[in-house]
Amino acid sequence: MLSQFMLRILQPRGRAVSLRLLNRYWKIDSISRGHRQSAVASGNAERLRSGREGRLAFFNHLFEEFGFGIGDTSDGSIITLDFGAPGKPELEGCIDILNKATQHRMKTENGYMFQYGCRRGDYKFRLQMSKFLTEEYDDEVDCGELLVTCGATNGLYMVASMLFNRGDTVFIEDPSYFIALEMFGKDLGMNVVPVPRNGEGINIEEFDKVLSEYQRASSHHPTEQRPYWSMVYLIPTFNNPKGTCLSTEKCEQIVKLARKYNILLFCDDVYNLLSYIPGEKPEDKPLPPPRRLFAYDKKTDPDYVGNVISNGSFSKILGPGLRIGWMEAPLKVLDVIENSAFTMSAGGWNNYTSAILASALELGLVSKHLLEKRKKYRDNLDSMYQVFMDDMPPGVKIFKPQGGFFIWIEFPEDIDTEKLRDVCEKEYSVSFVPGKSFSTTGSFGNCARVAITYYERDVLVTAAKKICAAAKTFCKN
Ligand SMILES: Cc1ncc(COP(=O)(O)O)c(C=O)c1O
């Protein structure tokens, strides 16, 4: 195991990860069957002939641009269980929330919401966020440790690009969120190395050895600008793609490792607020999520230096179009971002949107919306899980998460889910993401990720049944 990781040191810097990822999505010039169907169905076939510019101008959003349906099935497109995004009714719900919040804010607004913002972001927003998060996490969130971002991707990019250099090593879980992997390897030229794992996830003992080897080979000396020599990218709560949560024991162990080796644990906490953990009675509000890793890095510990970031977003709980998120981070990280030319030039990120959202939070509109979505997504999850449990052929394992957006499915070893996905698309008009897409090592070729939020429950159930029907035939052959 170790030698495999050591070999990676010898590979050319920044290219340790083989980026086969995104091939399917990121070919902007290829219009897939789904979009062809939707275009023809809505009488707009003409636009398919009008060249790249015309096509790009026409689309409403990213998924449509890449040839997938609009979030319902009225356009006749395939049902795609690929996307970790809210569906149409959720987005429509944002209209009312943003209307009310805008009216509330404008009553007292003096115009400064349209000025460059202060560097950590609108104070009222950060204050409201700390109250909201403290309530939702059932754990203290300090307003003084919050920084406003343009969403989780922006937070990740700022940290990876401002605190690290090309060629620096970033450790990742395998499998992980494929766009983050692509960002590290392709956009930022970092050396992407998988964290060793065993049956229970991260293999802490092995990781300790790997970190020791890599640190020895590193020439990094901590400075204010670059306080850590390396970073670990984690999705500890309701993981994408597996839906799992890091156990309390692993959280404690990994924080200890981070302190020992002076590394940064970057937690993409975009699903934390979507907990479906049942309360005492079925009708009770679902319980708060497991404690985020950030809270394990206790300031009262004698060896505290600040090794964890919690990177949050409104994309999953309200709407990705808002492009707003937040980071809870150690002060030395906030200092680097605040004092960067990038932030100095632009002021606080997304000043206008955060000002409006401060009102939405103050009026309790976000909490209400979030609770409704948690109940709805939990019902979606329960229904889809039941279909998979009842209808999948023998030998298929279904992993039910306690929150987040995804169900992870493990087929028998000999099943290639890329091929199964092709059959699903061609013969059953349904799709999912094959497990290999989340791996830098070509693993998980027998796995699949399905999303539970982009459509309404009846459509999701139909899609789940179709995948089971396809799997039954496919597994026999
Ligand atoms: C783990 C993870 N991080 C980040 C994002 C993107 O977040 P945002 O829209 O806030 O940039 C996603 C969306 O799929 C995600 O799953």
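Residues numbered from 1 in each chain as written. Predicted model: local features only at pLDDT ≥ 70, side-chain atom pairs only at ≥ 80, totals over all residues. Heavy atoms only, no water.

A. Molecular detail of the layout of surface pockets. The volume enclosed by the largest pocket comes to roughly 1,200 Å³. As for the largest pocket, its lining consists of 44 residues, of which Leu62, Phe63, Gly84, Ala85 and Pro320 are closest to the centre. Put simply, the parts of the chain that give the lining of the largest pocket at least two residues each are helix 4 (62–65), helix 5 (88–108), helix 7 (152–162) and helix 8 (178–187). With four residues, helix 8 is the single largest residue contributor to the lining of the largest pocket. Of the residues that constitute the lining of the largest pocket, the class distribution is 26 nonpolar, twelve polar and six charged. Volume-wise, the second largest pocket comes out at about 450 Å³. (1 Å grid on protein atoms, 1.4 Å probe; cavity = no way out; pocket = protein on both sides within 12 Å on 5 of 7 lines; lining within 4 Å. Points joined across faces, edges and corners; volume = space filled by probe spheres on them. Helix = DSSP H or I, 4+ residues; strand = E, 2+ residues; numbered from the N terminus. Nonpolar A, V, L, I, M, F, W, Y, C, P; charged D, E, K, R; others polar.)

B. Region of interest: the nonpolar core. Grouped together as the largest cluster of nonpolar side chains are 75 residues, with contacts concentrated most on Phe314, Phe388, Met392 and Ile409. In terms of residue count, helix 16 (residues 457–476) provides more of this core than any other element does, ten residues in total. Among all residues touching Phe388, those that are not within four sequence positions of it are Ile398, Ile407, Ile409, Val450, Ala464, Ile467 and Cys468. Met190, Ile235, Phe266 and Ile309 belong to the second-largest nonpolar core, a separate cluster that totals 31 residues. (Core = buried A, V, L, I, M, F, W, Y, C linked by side-chain atoms within 4.5 Å. Buried < 20%, exposed > 50% of the residue type's maximum accessible area, 1.4 Å probe, protein only. Contact = heavy atoms within 4.5 Å.)

C. Structural view of the pairing of strand 15 (residues 447–451). Counting buried positions along strand 15 yields five of five residues, so the element is predominantly enclosed. Taking every second residue as pointing to the same face, both faces of strand 15 are buried, with Cys447, Arg449 and Ala451 on one and Ala448 and Val450 on the other. As judged from the five bridges shared by strand 12 (residues 406–410) and strand 15, these two strands associate in the antiparallel manner. Residue pairing for strand 15: Glu410 is matched across the bridge by Cys447. Sheet topology note: the strand 14 (residues 433–434)/strand 15 ladder contains two bridges and is antiparallel. Looking at strand 15, one finds that Pro434 is bridged to Ala448. (Pairing = 2+ DSSP bridges.)

D. The arrangement of the environment of Ala180 in detail. Mapping Ala180 onto the fold places it in helix 8. Spatially, the C-alpha atom of Ala180 lies 8.5 Å from that of Tyr233, the residues being 53 residues apart in sequence. In this structure Ala180 touches Leu156 and Tyr233, once residues within four positions along its chain are discounted.

E. Main features of the sheet that holds strand 11 (residues 397–399). Ordered by their spatial adjacency, four strands build an open sheet running 11-12-15-14, and the pairing between neighbours is antiparallel. This sheet does not close on itself; its edge strands, each paired only once, are strand 11 and strand 14.

F. Summary view of helix 13 (residues 351–362). Counted at 1.5 Å a residue, the expected span for helix 13 with its twelve residues is 16 Å, and the 17 Å between its end C-alpha atoms agrees. In terms of residue burial, helix 13 counts as a mostly covered element, since ten of its twelve residues are buried. Among all positions of helix 13, only Asn351, Thr353, Ser354, Ala355, Ile356, Leu357, Ala358, Ser359, Ala360 and Leu361 are buried. On its buried face, helix 13 sits against helix 5, helix 6 (123–137), strand 2 (146–149) and helix 14 (365–391). Positive backbone phi, approximately 80°, marks Gly364, located one or two places after helix 13. (Expected span 1.5 Å × (residues − 1).)

G. Region of interest: the sheet that holds strand 8 (residues 263–268). The strand order across the open sheet formed by seven strands is 2-10-9-8-7-3-4, and the pairing between neighbours is mixed. Across the chains shown, the open sheet's two edge strands, defined by having one partner strand only, are strand 2 and strand 4 (191–194). Going from strand to strand, the sheet's axes swing by 25° on average, the running direction of each strand aside. The pairing of strand 3 (residues 169–172) with strand 4 spans four bridges and is classified as parallel. Within strand 4, the residue paired with Thr169 across the bridge is Asn191. In this fold helix 7 packs onto strand 2, strand 7 (230–234), strand 8, strand 9 (308–313) and strand 10 (325–328), with an angle of close to 150° to the strand it touches most, strand 9. (Axes fitted to C-alpha atoms, helices over the stretch in contact; angles between N-to-C directions.)

H. Inspection of the packing of helix 7 against helix 8 at higher detail. The N-to-C vectors of helix 7 and helix 8 enclose an angle of 35°; their axes lie 11 Å apart at closest approach. Of the two possible hands of crossing, helix 7 and helix 8 adopt the one that is right-handed. For the pair formed by helix 7 and helix 8, the contact residues are Thr153, Leu156, Tyr157 and Ala160 on the first element and Ala180, Met183, Phe184 and Asp187 on the second. Residue composition of the contact of helix 7 with helix 8, by class: six nonpolar, one polar and one charged. (Left-handed = near helix turned anticlockwise from the far one by under 90°.)

I. The pairing of strand 3, seen in detail. Neither face of strand 3 is open: one carries Thr169 and Phe171, the other Val170 and Ile172, and all of them are buried. The parallel pair strand 3 and strand 4 is bridged by helix 8, and the resulting crossover is right-handed. By the bridge criterion, three bridges tie strand 3 to strand 7 in an arrangement that is parallel. Across the sheet, Val170 pairs through a bridge with Met231, a residue of strand 7. (Right-handed = clockwise from strand over helix to strand, strands pointing away.)

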